[in-house]
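Residues per chain are reported as follows:
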Amino acid sequence: MTRTVIRGGLVITAAEEMPADVLIEGEQVVALASTGSDVADGWTADRVIDATGQYVIPGGVDAHTHMQLPFGGTEASDTFETGTRAAAFGGTTTIVDFAVQSVGSSLRAGLDAWHEKAAGVCAIDYAFHMILGDVNEASLKEMDLLVGEGVTSFKLFMAYPGVFYSDDGQILRAMQRGADNGGLIMMHAENGIAIDVLVEQALAAGKTDPRYHGEVRRELLEAEATHRAIKLAQVAGAPLYVVHVSAASAVAELAKARDEGLPVFGETCPQYLYLSTDNLAEPGFEGAKYVCSTPLRPREHQAALWRGLRTNDLQVVSTDHCPFCFVGQKDLGRGDFSKIPNGLPGVENRMDLLHQAVVEGKLTRRRWIEIACATPARMFGLYPRKGTIAPGADADLVVYDPNAVQTVSAATHHMNVDYSAYEGRQLTGKARTVLSRGTVVVDGDVYLGRAGHGRYQPRSTCQYL
Ligand code: URP
Ligand code: ZN
Ligand code: ZN
Ligand code: ZN
């Protein structure tokens, strides 16, 4: 077994910071000891990684990605191979992607199909949530089986009628089943029935530009759906995880429910923290680059999201990475914003965008690790194998240079998409060396990993309750 020591860095977990050396044997961390202590100095190793002046952090856990998702008549442009390699470059060592049950099909068929896409090609470890696209007697029964084999969370949609949409009765039944079998319900909370009416009216009035995507997907309809999801979960006696929260009023709904003691959780994404309707309004169809759902909101909403991350009314930042090329994919919606495939790239940028918030004093270093590594791992049953640095944990580690200055650009990123939503943005901080289960997969600008190193990770039920 290869013995590796990472020497001299500042080890940061959600719980503590300490100048410490980290001993790795094979795929796991086996010990930590204060730098310069007799114990640490006594360790012999096959390989020493010097982390002087660097942070040593757990690999990022991105609990919301959509590699090669079929959507809007096309398919997300990152494959499991390209997307997980890009994730590794950005200091993320685990993704939880969404397998899809389509209408008229079984959960098993959907899950098998996603296993087939990911098997043997991922650069980093991966797991699956299941999208419930057709809640019925048979799929409810199948939920139990999936929980038993490590697919322990299920996404439902109050949006996208005719595609992924579930009505309130289906939602309630899935929540009741989840309360019973331990599966965590994840909700896309937007009132899609009302939104579709507004879409039709906007298009009839000749409002076809990308910015109208943001206008019809009204904040009120996110808040309303969030509220309704919370009440349905309360009726079912189930916990609830609301994905991609973008509206201040939706954060307020979560905060109110949490103040009442309800087990409801919220996730936001870097695009909602850094981008806004100003981007959607960029001229010449450029706004299409920023079309995602829930939509980007006016800049004023960002303060509530940052605040929610500090007060723990929001617990997780994931990317909802769902890239579509500007040329040939976002294009499908020229002249009709409702045909622009929804989604933004970001799996490579998340850790750095959140570190920028540390630099700017919006988050502490430990909170950065908590929302990007530890809590997503606990929320989705991967802890402490993932999300922390401790004896027995997988050696998914990042030697992170807090002083490296980078300019984000599609010209240099590794995601398979022809634009960056953060083009030209200067960020301080960058992953220098990335280890996945003890193997160095990225060293500086050099990729040392391989397709197929990444392993499927069955998960236990939510550990955050
Ligand atoms: O616009 C988005 N978010 N696309 C991915 C699908 C979803 O709703 O998460
Ligand atoms: Zn969604
Ligand atoms: Zn309300
Ligand atoms: Zn998503």
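Quantities reported herein were computed from a predicted structural model and do not represent experimental measurements.

## As for the overall build of the protein chain
Okay, step 1: Of regular secondary structure, the protein chain possesses 14 helices and 19 strands.
Okay, step 2: Across its three principal directions, the C-alpha atoms of the protein chain cover 70 × 50 × 40 Å.
Okay, step 3: Buried residues in the protein chain amount to 57% of all 465 residues.
Okay, step 4: Within the protein chain, contacts between residues at least 6 apart in sequence are counted, and of these 76% link residues at least 24 apart.

## With respect to the site of ligand 1
Okay, step 1: Contacts to ligand 1 come from His66, His188, His244, Cys292, Ser293, Asp320, Cys322, Asn342 and Gly343.
Okay, step 2: Looking at side-chain class alone, the shell around ligand 1 contains two nonpolar, six polar and one charged residues.

## Examining the packing of helix α8 (residues 219–236) against helix α9 (residues 248–259)
Okay, step 1: It is the contact of α8 with α9, at a shortest axis distance of 8 Å, that shows an interaxial angle of 20°. Relative to α9, the element α8 lies roughly parallel. The crossing of α8 and α9 is right-handed. Where α8 approaches α9, its residues Glu219, Glu222, Ala223, Thr226, His227 and Ile230 are matched on the opposing element by Ser249, Ala250, Glu253, Leu254 and Ala257.

## Examining unusual backbone geometry
Okay, step 1: Look at the link from Ser293 to Thr294: it is a cis peptide, with omega at -5°.
Okay, step 2: Cis peptide bonds are those with omega within 30 degrees of zero, and the linkage from Tyr383 to Pro384 qualifies with 0°.
Okay, step 3: If you trace the backbone, Pro384 turns up in the loop between α14 (365–379) and β16 (397–407).
Okay, step 4: Positive phi, normally seen in glycine, also occurs at Asn312, with a value near 70°.
Okay, step 5: If you trace the backbone, Asn312 turns up in the loop between α12 (302–311) and β15 (316–317).

## A closer look at the sheet that holds strand β11 (residues 153–157)
Okay, step 1: If you trace the eight strands from one edge of the open sheet to the other, you get β6-β9-β10-β11-β12-β13-β14-β15, paired in parallel fashion. Where the open sheet ends on each side, the last strands, each with one partner, are β6 (60–65) and β15.
Okay, step 2: Both strand β14 (residues 264–268) and β15 contribute to a ladder of two bridges, which runs parallel. Pairing of Glu267 across the sheet is with Val316, part of β15.
Okay, step 3: Running over the sheet, α8 touches β12 (184–188), β13 (240–242) and β14 and is turned about 165° from β13.

## Let's talk about the confidence of the model for the protein chain
Okay, step 1: Mean pLDDT over the protein chain stands at 98; residues scoring 70 or higher make up 100%.
Okay, step 2: Overall fold confidence for the complex sits at a pTM of 0.98, while the interface term, ipTM, reaches 0.93.

## A word on the UniProt feature "modified residue: N6-carboxylysine" (unreviewed entry) in the protein chain
Okay, step 1: The sites that UniProt annotates as "modified residue: N6-carboxylysine" (unreviewed entry) are Lys155.
Okay, step 2: Within the fold, Lys155 resides in strand β11.
Okay, step 3: Lys155 gets classed as buried once you count the C-beta atoms within 10 Å, which come to 24.
Okay, step 4: The contacts of Lys155, once residues within four sequence positions are left out, are Phe98, His129, Ile131, Leu132, Met186, His188 and Val243.

## Overview of the nonpolar core
Okay, step 1: Within the largest apolar cluster, 147 residues are counted, with the highest numbers of intra-cluster contacts made by Val22, Ile185 and Leu240.
Okay, step 2: In contact with Leu240, other than residues within four places in its own chain, are Ile185, Met187, Ala229, Ile230, Ala233, Val264 and Phe265.

## Things to note about the environment of Glu348
Okay, step 1: Of note, Glu348 is situated in the loop between β15 and α13 (350–359).
Okay, step 2: For Glu348, the residues in contact, after removing those within four places along its chain, are Ala86, Ala87, Phe89, Gly90, His413, His414 and Met415.

## Concerning the pairing of strand β3 (residues 28–34)
Okay, step 1: Relative to β3, strand β2 (residues 17–25) is paired through six bridges, and the arrangement is antiparallel. Considered in β3, the bridge of Glu25 is made with Gln28.
Okay, step 2: Between β2 and β3, which pair antiparallel in sequence order, lie two residues; one of them, Gly26, sits at a positive phi of approximately 65°.

## Topic: the environment of Ala127
Okay, step 1: Within the secondary structure, Ala127 sits in strand β10 (residues 125–131).
Okay, step 2: Residue classification places Ala127 among the buried positions, given that 24 C-beta atoms sit within 10 Å.
Okay, step 3: Sequence spacing of Ala127 and Asp313 is 186 residues, and the spatial spacing of their C-alpha atoms is 25 Å.
Okay, step 4: Setting aside its immediate chain neighbours within four residues, Ala127 contacts Val96, Leu382, Tyr456, Gln457 and Arg459.

## Observations regarding α13
Okay, step 1: Within α13, nine of the ten residues are buried, which leaves it mostly tucked inside the rest of the structure.
Okay, step 2: Listed as buried for α13 are Arg350, Met351, Asp352, Leu353, Leu354, His355, Gln356, Ala357 and Val358.
Okay, step 3: Buried positions along α13 lie against β6, β9 (92–100), α10 (270–274), β15, α14 and β17 (426–436).
Okay, step 4: Just past α13, the residue Gly361 takes up positive phi, approximately 80°.

What counts and how
Residues numbered from 1 in each chain as written. Chains lettered and ligands numbered in written order. Predicted model: local features only at pLDDT ≥ 70, side-chain atom pairs only at ≥ 80, totals over all residues. Helix = DSSP H or I, 4+ residues; strand = E, 2+ residues; numbered from the N terminus. Buried ≥ 20, exposed ≤ 12 C-beta atoms within 10 Å, placed from the backbone. Contact = placed C-beta atoms within 7 Å. Near = placed C-beta within 6 Å. Nonpolar A, V, L, I, M, F, W, Y, C, P; charged D, E, K, R; others polar. Axes fitted to C-alpha atoms, helices over the stretch in contact; angles between N-to-C directions. Parallel < 35°, antiparallel > 145°, perpendicular 65-115°, else oblique. Left-handed = near helix turned anticlockwise from the far one by under 90°. Pairing = 2+ DSSP bridges. pLDDT = per-residue confidence, 0-100. UniProt positions renumbered as here; feature names shortened; annotations may be inferred. Core = buried A, V, L, I, M, F, W, Y, C linked by C-beta atoms within 7 Å.

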